[in-house]
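# Geometric and topological summary
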Amino acid sequence: MLAAGDEFFADRENLLLPERPEFRPHTFGNKGQMMDGWETRRRRGGPDGGVHPGAGDHDWAMIRLGVPGEVHGVLVDTAHFRGNYPPEISVEGAELPGTPGPEELAAAAWRPLVARSKVRGHAANGYATVDRSRVTHLRLKQYPDGGIARLRAHGVARPDQAWLAALGTFDLAALEYGGAVEGCSDRFFSDPANAIMPGRSRVMGEGWETRRRRGAGHDWLRLRLAGRGLIRAVEVDTANYLGNAAGWVELYGRDGEHGEWFELLPRLALQPDTCHRLPLPHSRPVTHVRLDVLPDGGVARLRLHGSLT
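What you are looking at is a predicted structure, and each value in this text was computed from that prediction instead of being measured. (Residues numbered from 1 in each chain as written. Predicted model: local features only at pLDDT ≥ 70, side-chain atom pairs only at ≥ 80, totals over all residues. Heavy atoms only, no water.)

## Considering the side chain of D36
The condition that has to hold: Segments assigned H or I by DSSP are reported as helices when at least four residues long, segments assigned E as strands when at least two residues long, and all are numbered from the N terminus. Three exposure classes are used, based on accessible area relative to the maximum for each residue type with a 1.4 Å probe and protein chains only: buried under 20%, partly exposed in between, and exposed over 50%. Distance and chemistry together define a polar contact, namely a pair of N or O atoms within 3.5 Å, with one atom able to donate a hydrogen and the other to accept it when in protein, and with adjacent residues in sequence counting only for side-chain atoms on both sides.
Mapped onto the fold, D36 is located in the loop between β3 (32-33) and β4 (38-39). The class of D36 is buried, set by a relative accessible area of 18%. There is a polar contact of 2.9 Å between the side chain of D36 and the backbone nitrogen of E22. Here the side chain of D36 touches R150 through a polar contact of 3.0 Å, side chain to side chain.

Pasting the structure below:
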């Protein structure tokens, strides 16, 4: 969160907290009921209810995306805001190089992503975007004022290709660099996208875990890499999986959407709660990778270190 026009009752940073919003009744601070979200003061105009000149008709907050990319949908969650939510919102996007501050962003060319739209109180309000070009920042507007608990922007990462080229070797599977999960056999206990999240998992629920398989076959995870590249080293981390880690894994790659799968890493026995690191001295270019988990279980993180072709 970079800036907000007003955050009198509750801080703008609450919009991006990862956990679900909470409400604790009769919890008051110096400015009133403490809310888990971003809440502005009431806008006041003249006796007729109009906004006084120069005040504008909305409050706003500016956000730098964790990863630049295409925003396909926006979630504006007004959980626990029942009599103090904004009647309408809009969302804009901008693409700027580097790390601009609030002043530079205020002067930027903003594009509408979500037109001015109705909002329901104490509800998860979802909106599809009308512009899916690359953006680095968002501006959330609420009309005229009120409280919003959480903001989520869902889409596809599109990092700076010049930066990736300058890095040389990086994690080709990483979500933050444009890697994506295209499919999996099972997502019963947790989201397969966890396997390519930044950082190490802190608890079992932050990895990818499948249900217990009672028949033949095995589980699998299919990834689209950040770009066509050469994988030089692999990390398979079973952190926090003690009695439910995957038993073995195999890794396959293919070059192109319809290419034939070929072996990258032969069957590897996994240890619980361990990061397994292996070099791949003889690699072929790949665009997609499939991790086979035998027979089932949990994998916290998969890292595929390499460089773009």
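## A closer look at the packing of aromatic side chains
Spelled out, the test is: Only the six-membered ring of Trp is used, alongside the rings of Phe and Tyr, when aromatic pairs are assigned; centres must lie within 6.5 Å, and planes under 30 degrees apart are stacked while those over 60 apart are edge-to-face, with the rest tilted. Any Lys NZ or Arg CZ found within 6 Å of a ring centre and within 35 degrees of that ring's normal is scored as a charge over the ring.
Following the criterion strictly, the structure yields 3 aromatic pairs and no others. Here F170 and Y177 contribute two aromatic rings whose centre-to-centre distance is 5.2 Å and whose plane-to-plane angle is 75°, an arrangement assigned as edge-to-face. On the accessibility criterion, F170 (4% relative accessible area) is buried. When the ring of F188 is compared with that of F189, the centres are 4.9 Å apart and the planes differ by 85°; the resulting orientation is edge-to-face. Residue classification places F189 among the partly exposed residues on the basis of a relative accessible area of 48%. Sitting above the plane of the F262 ring, R284 keeps its charged end 3.7 Å from the centroid. Against the face of Y252 rests R290, its NZ or CZ located 4.6 Å from the ring centre.

## As for the nonpolar core
For clarity, the threshold we go by: What is meant by a nonpolar core is a set of buried Ala, Val, Leu, Ile, Met, Phe, Trp, Tyr and Cys residues, joined one to another through side-chain atoms within 4.5 Å. Throughout, a contact is declared for two residues whenever any of their heavy atoms are within 4.5 Å.
I231, V234 and L304 are the most contacted members of the largest nonpolar core, which totals 33 residues. Broken down by secondary-structure element, the contributors of at least two residues to this core are β15 (219-237), β16 (248-254), β17 (262-269), β19 (286-294) and β21 (301-308). Residue contributions to this core peak at 7 residues, all from β15. The contacts of V234, once residues within four sequence positions are left out, are L251, L265, H276, R277, L278, L280, L302, R303 and L304. Counting 20 residues, the second largest nonpolar core, distinct from the first, contains A4, V74, V114 and L140.

## Brief notes about the environment of L75
Its place among the elements puts L75 in strand β5 (residues 59-77). Taking the C-alpha atoms as reference, L75 lies 20 Å from E7; in sequence the two are 68 residues apart. Those residues within four positions of L75 in sequence are excluded, and the remaining contacts are A124, N125, G126, R150, L151 and R152.

## A short note on the side chain of R254
Along the chain, the position of R254 falls in strand β16. Side-chain polar atoms of R254 contact the backbone oxygen of G256, separated by 3.5 Å. Once residues within four sequence positions are removed from consideration, R254 is found in contact with R222, G259, E260, W261, F262, V286, T287 and H288.

## Observations concerning the pattern of salt bridges
Which entries qualify depends on this criterion: Here a salt bridge means any side-chain nitrogen of Lys or Arg lying within 4 Å of a carboxyl oxygen belonging to Asp or Glu.
The final tally for this structure, using the stated rule, is 26 salt bridges. For R150, the salt bridge goes to D36, with nearest N and O atoms at 3.0 Å. Residue R150 is found in strand β11 (residues 150-157), and its partner D36 is found in the loop between β3 and β4; the two are separated by 114 residues along the sequence. As far as the burial class goes, R150 and D36 line up, both buried. Salt-bridge contacts for E257 lead to R254; the nearest nitrogen and oxygen are separated by 4.0 Å. A residue is classified by how much of its surface remains accessible, and E257, at 43% relative accessible area, is partly exposed. It is possible to trace a salt-bridge network through shared partners that takes in D57, E88, R116 and K118.

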